[in-house]
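Okay, here's what each chain looks like letter by letter:
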Amino acid sequence: RPNTNEETFPQSMTYPHSTEGTSLMSLNTSNRLGFEYYIALMEFMADRYTKNNFENGYISNFVIGNEIDYAKDYNRISEKQAPIDVYMEEYSRLMRLANLATRKYSADITVSMPLTHAWASKGYSLPGDAVQAYAPKQLVEWLNTKTKMEGDYAWGIAPHIYGYHLAQAGVFYLDTLKSNGSGISGGRDVGITGDYNTTSQLTFTNLEVLDDYLHQSNMMFDGAVRPVYLTESGVSSHWNSQDYGDGLTVQAATIATAYYKISQLDSIVSFSYYRAFDNEIEAGDHAVFGLFTLGQEAKPAYNVYKYI
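Parameters at a glance
Residues numbered from 1 in each chain as written. Predicted model: local features only at pLDDT ≥ 70, side-chain atom pairs only at ≥ 80, totals over all residues. Heavy atoms only, no water. Helix = DSSP H or I, 4+ residues; strand = E, 2+ residues; numbered from the N terminus. Rg over C-alpha atoms; globule rule 2.2 N^0.38 Å. Buried < 20%, exposed > 50% of the residue type's maximum accessible area, 1.4 Å probe, protein only. Pairing = 2+ DSSP bridges. Contact = heavy atoms within 4.5 Å. Core = buried A, V, L, I, M, F, W, Y, C linked by side-chain atoms within 4.5 Å. Salt bridge = Lys/Arg side-chain N within 4 Å of Asp/Glu carboxyl O. Axes fitted to C-alpha atoms, helices over the stretch in contact; angles between N-to-C directions. Parallel < 35°, antiparallel > 145°, perpendicular 65-115°, else oblique. Left-handed = near helix turned anticlockwise from the far one by under 90°. Phe/Tyr/Trp six-rings, centres within 6.5 Å; stacked < 30°, edge-to-face > 60°.

Thoughts on the overall build of the chain
Stage number 1. Helix and strand counts for the chain stand at nine helices and five strands.
Stage number 2. Ordered by position in the sequence, the α and β elements of the chain form the string α-β-α-α-β-α-β-α-α-β-α-β-α-α.
Stage number 3. In terms of overall dimensions, the chain is globule-like: its C-alpha atoms have a radius of gyration of 20 Å, near the 19 Å expected for 308 residues.
Stage number 4. Dimensions along the principal axes, computed over C-alpha positions, put the chain at roughly 55 × 50 × 45 Å.
Stage number 5. Sorting the 308 residues of the chain into buried and exposed places 48% on the buried side.

In structure tokens, the structure reads:
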């Protein structure tokens, strides 16, 4: 997280503006010292977590950064919004170096690019040249073109899949809703479709379009579909103005339905549910994603996910 103390974080590893309004700093490999720090960091972790006896555990997938399309929040590299070529040149170097550094220790390691649940459209827009969001689909296609030109490798993506209304349990209902003057906005009002070329977001409702997208021959690596790791994907138990009640049942049913769909999509190799316990800060916005309540009582969703 933002840190300007040279005793705890070498400033060579980040960019001059990376602590301005950000939640996470970007990592800078464009200078020699930052480059070498990063290589040392990745090699240390790959070595530590691939020992034959796995005494420290085992890491098979390194997700590089967080929600890369939200540059202002998680991967700021400049004072003003950088052109996509500049932005992705910096980020793609992180990916390639991580791949080279970690696969020295295990050929089974994958590196992945994390994204929000936005897709063909930006998650948000700000006026002028302020640092803001990029459209994830453009970032994925840029990275694919770049690695095809320079030497392809088996990188993956790690999108964060939710529903259009993050803090609502009725994901499938709301994602497919069009308001029709009802006053309730739905996913169709904001451009959620079943077409990977146009959908504004990827949600549990239309996740199969990502699988279709990755099955295009030009997106594959060496004839294989790129892997998808759902490293942060969840369902709130808030529903119809209540944090619990019927929302508990709807949350459990939504998770079961989402998993059934995920299990049929061969590009998806991991579904890490977000989160185990409700969080007090998030609960203030009704984002009660936990499998357990704030009082640490198991919700119906806990048993659903446990037996999944």
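Some details on the pairing of strand 2 (residues 110–115)
Stage number 1. Taken across its six residues, strand 2 has six buried, putting it largely inside the fold.
Stage number 2. On strand 2, burial covers both faces: Thr110, Ser112 and Pro114 on one face and Val111, Met113 and Leu115 on the other are all buried.
Stage number 3. Pairing between strand 1 (residues 61–63) and strand 2: three bridges, direction parallel. Bridge pairing in strand 2 places Phe62 opposite Val111.

Digging into the side chain of Asn144
Stage number 1. Among the secondary structure elements, Asn144 is positioned in helix 4 (residues 136–150).
Stage number 2. For Asn144, the residues in contact, after removing those within four places along its chain, are Trp155, Asn218, Met219 and Arg226.

Side note on the nonpolar core
Stage number 1. Residues Ile64, Met95, Met113, Val140, Trp155 and Leu210 are the most contacted members of the largest nonpolar core, which totals 62 residues.
Stage number 2. Mapped by element, the contributors of at least two residues to this core are helix 1 (32–48), helix 3 (84–103), strand 2, helix 4, helix 6 (208–214), strand 4 (228–233), helix 7 (246–263) and strand 5 (268–273).
Stage number 3. Per-element tally for this core: the top contributor is helix 3, with eight residues.

Points about the pattern of salt bridges
Stage number 1. Applying the stated criterion across every chain, the model contains 17 salt bridges.
Stage number 2. Among the salt bridges present, the one from Arg96 reaches Glu150, with a minimum N-O distance of 4.0 Å. On the criterion of sequence distance, the pair formed by Arg96 in helix 3 and Glu150 in helix 4 is long-range, its members being 54 residues apart.
Stage number 3. Since its relative accessible area comes to 22%, Arg96 is described here as partly exposed.
Stage number 4. As a salt-bridge pair, Asp278 and Lys299 come within 3.0 Å of each other at their nearest N and O atoms. Of this pair, Asp278 sits in the loop between strand 5 and helix 8 (280–283) while Lys299 is found in the loop between helix 8 and helix 9 (300–307), placing the two residues 21 residues apart along the sequence.

Focus on the packing of helix 1 against helix 3
Stage number 1. Running from amino to carboxyl end, helix 1 crosses helix 3 at an angle of 45 degrees, the nearest separation of the two axes being 8 Å. Comparing their axes, helix 3 and helix 1 come out oblique. Crossing angle aside, the handedness with which helix 1 passes helix 3 is right-handed. Here Phe35, Tyr38, Ile39, Met42, Glu43 and Ala46 of helix 1 come into contact with helix 3, specifically with Leu94, Leu97, Ala98, Ala101 and Thr102.

Some words on the packing of aromatic side chains
Stage number 1. Going through the model one piece at a time under the given rule, you end up with 15 aromatic pairs.
Stage number 2. One aromatic cluster is present, formed by Phe204, Phe271, Tyr273 and Tyr305 through successive ring pairs.

Notes on unusual backbone geometry
Comment: phi is negative for the bulk of residues other than glycine, and the bulk of peptide bonds are trans.
Stage number 1. Residue Arg275 is reached from Tyr274 by a cis peptide bond, and omega for that bond is 15 degrees.
Stage number 2. Within the secondary structure, Arg275 is located in the loop between strand 5 and helix 8.
Stage number 3. With a phi close to 40 degrees, Glu67 is a non-glycine residue in the positive phi region.
Stage number 4. Residue Glu67 is classed as buried on the basis of its relative accessible area of 12%.
Stage number 5. The phi torsion at Gln296 lies on the positive side, around 65 degrees, for a residue other than glycine.
Stage number 6. Note on placement: Gln296 falls in the loop between helix 8 and helix 9.
Stage number 7. When its relative accessible area of 57% is taken as the criterion, Gln296 is described as exposed.

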